[in-house]
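# Examining the three-dimensional arrangement
Here's the letter readout for the chains.
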Amino acid sequence: MSKQSQTATRLAIVGGGVIGLATAWRAARAGYAVTLVDPAAGDGASLVAGGMLAPISEAWPGEEDVLRLGELSLRQWPEFAAELASVGGELGLRAEGTVLVGYDSADREQLTTLADYLATQDRQVERLTGRQLRALEPGVGAAIRSGLHVPGEYSVDAQLLLRALGKAAAGAGVVFRSQPAESVGPGSVRLADGSRVDCEVVLLAAGAWSAGLHEALAGVVRPLKGEILRLRARPGCLPPPARTVRAAVSARPIYLVPKDGSELVLGATQYEAGFDTLVTAGGVRDLLADAERVLPSIREYELLECAAAPRAGSADNLPTIGWLEPGVLAATGHHRNGLLLAPVTAAAVLDYLAGVPVPEAVAAASPERWRRSREDG
């Protein structure tokens with residue numbers, strides 16, 4: 001597609017989370033006329049994110065497509081972050097890597113399974129004794145007797161990232177419409193107030209709400225509630241870990257992601273609760289109790305924020321990226337990996353719009369897999 005035709009092409013993006021904002025910024029910068037539809041752009045599930053950019057430590061046997069897509073995006077993050085910071089401001093990007101720990105014997109066995117699997121995939125991972133682990137992260141409790149170190153993974157501050165993307169998108173000329181989308185189709189988005197946004201292409205990037213906006217996503221994307229806490233070390237407390245700490249505590253997964261200013265994001269509960277966004281006392285209790293077993297000093301931290309949001313889950317943990325029908329693209333179902341996959345998703349949408357082949361790792365996330373599944377089943 002020529003630069004001239006890009007400039008003339010109107011793109012409407014439904015959804016103002018990290019995927020919608022990143023794509024809007026990149027598309028507007030490439031010459032598209034972009035309108036972003038969302039009543040609360042920069043809010044929602046993307047804001048309730050730990051900020052881990054950690055495809056290797058989240059890998060699991062049988063999810064090789066998820067790993068490959070995540071690694072492709074991770075390689076794009078340094079350039080993406082540098083470009084975004086130059087126009088949008090600080091992102092809180094950190095590159096210290098990830099530490100994984102298990103609390104009891106069953107948890108440690110799960111870590112062994114992961115380490116053995118990563119070895120078969122030629123991915124770098126270092127096995128640590130308890131002493132070696134505490135040499136890296138002194139705040140880890142004495143009950144933790146072993147762990148894994150995955151260098152080369154990043155984290156980012158979701159709040160700063162969304163603020164930067166909003167600023168960059170507005171600066172690139174993106175038009176924001178604050179009415180909710182009621183329906184989408186080739187060439188238009190119908191808004192709740194009865195007005196329309198006319199365009200050549202609609203991109204559906206509405207996260208867990210995407211399934212209600214296009215029939216091809218019915219049963220493909222579903223809401224999974226997640227709760228997180230934001231804390232800050234008080235004077236005299238041990239500081240947060242330098243690295244992201246992922247832990248299994250009696251089979252319950254948690255993560256502790258350090259942020260600038262001695263802050264720490266702790267998450268995340270995950271359960272089927274529809275579109276509920278209320279934080280529960282039980283969720284907070286469980287997160288703090290499990291975190292204290294891993295990082296005992298957290299009991300003295302200041303509790304800054306509790307938040308909950310529905311993430312867009314999918315059956316195979318891959319997002320759905322590609323054409324739903326002529327004139328309608330999807331970029332949804334990113335679940336816990338929306339922040340990680342923002343660069344590769346934005347690049348993939350531009351490839352689809354330009355009619356050029358997408359990388360093999362992106363092609364695996366095509367909506368075609370859901371069509372084939374329906375035909376076979």
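Since this is a predicted model, take the numbers as computed values, not measurements. (Residues numbered from 1 in each chain as written. Predicted model: local features only at pLDDT ≥ 70, side-chain atom pairs only at ≥ 80, totals over all residues. Heavy atoms only, no water.)

For the structure on display, the rule yields 3 aromatic pairs. Considering the side-chain rings of Trp 25 and Phe 80, the 5.6 Å spacing of their centres and the 70 degrees angle between planes classify their relative orientation as edge-to-face. Here Trp 25, found in helix α2 (residues 18-29), pairs with Phe 80, found in helix α3 (residues 64-88); they are 55 residues apart in sequence, far enough to count as distant. Seen in terms of ring centroids, Trp 209 and Phe 275 are 4.9 Å apart; in terms of plane orientation they differ by 35 degrees. Their pairing is tilted. Of this pair, Trp 209 sits in the loop between β12 (201-204) and β13 (221-232) while Phe 275 sits in the loop between β16 (263-267) and α7 (281-294), and the two are 66 residues apart along the sequence. Taken together, the aromatic side chains of Trp 25, Trp 77 and Phe 80 make up a single cluster linked through ring pairs. A cation sits over an aromatic face here: Arg 29 above Trp 25, 5.1 Å from the ring centre. Sitting over the face of the ring of Tyr 103, Arg 293 holds its NZ or CZ atom 5.9 Å from the ring centroid. (Phe/Tyr/Trp six-rings, centres within 6.5 Å; stacked < 30°, edge-to-face > 60°. Helix = DSSP H or I, 4+ residues; strand = E, 2+ residues; numbered from the N terminus. Lys NZ or Arg CZ within 6 Å of the ring centre and 35° of its normal.)

The tally for this structure, following the rule as stated, stands at 25 salt bridges. For Asp 157, the salt bridge goes to Arg 230, with nearest N and O atoms at 2.6 Å. Of this pair, Asp 157 sits in the loop between β7 (154-155) and α6 (158-171) while Arg 230 sits in strand β13, placing them 73 residues apart in sequence. For Asp 157, a relative accessible area of 7% corresponds to the buried category. Take Arg 230: its relative accessible area is 10%, and that puts it in the buried class. Through salt bridges with shared partners, a single ionic network connects Asp 157, Arg 230, Arg 232, Glu 263 and Glu 302. (Salt bridge = Lys/Arg side-chain N within 4 Å of Asp/Glu carboxyl O. Buried < 20%, exposed > 50% of the residue type's maximum accessible area, 1.4 Å probe, protein only.)

A large share of strand β14 (residues 244-249) lies buried, amounting to 6 of its 6 residues. The side-chain alternation of β14 yields two buried faces, one formed by Thr 244, Arg 246 and Ala 248 and the other by Val 245, Ala 247 and Val 249. With 5 bridges connecting them, β14 and strand β15 (residues 252-259) associate as antiparallel partners. Of the residues in β15, the one forming a bridge with Val 249 is Arg 252. The turn linking β14 back onto β15 is made up of 2 residues, and Ser 250 within it adopts a positive phi angle of 50 degrees. (Pairing = 2+ DSSP bridges.)

Let's shift gears to unusual backbone geometry. Cis peptide bonds are those with omega within 30 degrees of zero, and the linkage from Gly 267 to Ala 268 qualifies with -15 degrees. Checked against the element boundaries, Ala 268 lands in the loop between β16 and α7. A positive phi is found at Ser 262, a non-glycine position, where the angle reads about 60 degrees. Topologically, Ser 262 is positioned in the loop between β15 and β16. Judged by relative accessible area, which is 33%, Ser 262 ranks as partly exposed. Positive phi, close to 50 degrees, is recorded for His 335, a residue that is not glycine.

Bringing the state of the cysteines into the picture now. Formally, a disulfide is one covalent bond, and it connects the sulfur atom of one cysteine to the sulfur atom of another. For the coordinates displayed, the defined rule picks out 0 disulfides. The thiol of Cys 237 is unpaired, and the distance to the nearest cysteine sulfur, on Cys 306, comes to 17 Å. (Disulfide = S-S within 2.5 Å.)

Quick look at the packing of α3 against α6 now. Where α3 meets α6, the closest approach of the two axes is 9 Å, and the angle between their N-to-C directions is 65 degrees. Where α3 crosses over α6, the two elements pack in a sense that is left-handed. Within the contact between the two elements, α3 uses Trp 77, Phe 80, Leu 84, Val 87 and Gly 88 and α6 uses Leu 161, Ala 164, Leu 165, Lys 167 and Ala 168. Residues that form the contact of α3 with α6 fall into these classes: 8 nonpolar, 1 polar and 1 charged. (Axes fitted to C-alpha atoms, helices over the stretch in contact; angles between N-to-C directions. Left-handed = near helix turned anticlockwise from the far one by under 90°. Contact = heavy atoms within 4.5 Å. Nonpolar A, V, L, I, M, F, W, Y, C, P; charged D, E, K, R; others polar.)

Attention now moves to the sheet that holds strand β11 (residues 196-198). Strand order in the open sheet formed by 3 strands is β9-β10-β11, and the pairing between neighbours is antiparallel. Among the strands making up the open sheet, the edge pair consists of β9 (181-185) and β11. Mean inter-strand twist for the sheet, computed between neighbouring axes without regard to direction, equals 15 degrees. Direction of pairing for β9 relative to strand β10 (residues 188-191): antiparallel, over a ladder of 4 bridges. Of the residues in β10, the one forming a bridge with Gly 185 is Ser 188.

Mapped onto this numbering, the UniProt entry gives "domain: FAD dependent oxidoreductase" (unreviewed entry) at residues 11-349. Secondary structure content for residues 11-349 is 29% helix and 30% strand, while the C-alpha to C-alpha distance between its ends is 11 Å. (UniProt positions renumbered as here; feature names shortened; annotations may be inferred.)

Let's shift gears to the sheet that holds strand β4 (residues 98-102). Overall, mixed pairing links the 8 strands, which are arranged β5-β6-β4-β14-β15-β16-β13-β17 in an open sheet. What marks the edges here is a single partner per strand, and that holds for β5 (126-129) and β17 (302-314). In this sheet, adjacent strand axes meet at a mean angle of 20 degrees when their direction is disregarded. By the bridge criterion, 5 bridges tie β4 to β14 in an arrangement that is parallel. Counted as the bridge partner of Val 99 is Val 245 from β14.

Following the sequence through the fold, Ala 242 ends up in the loop between β13 and β14. For the pair formed by Ala 242 and Ser 373, sequence separation is 131 residues and the distance between their alpha carbons is 43 Å. Each residue touching Ala 242, except ones within four places of it in the same chain, is listed here: Arg 94, Glu 96, Glu 137 and Pro 258.

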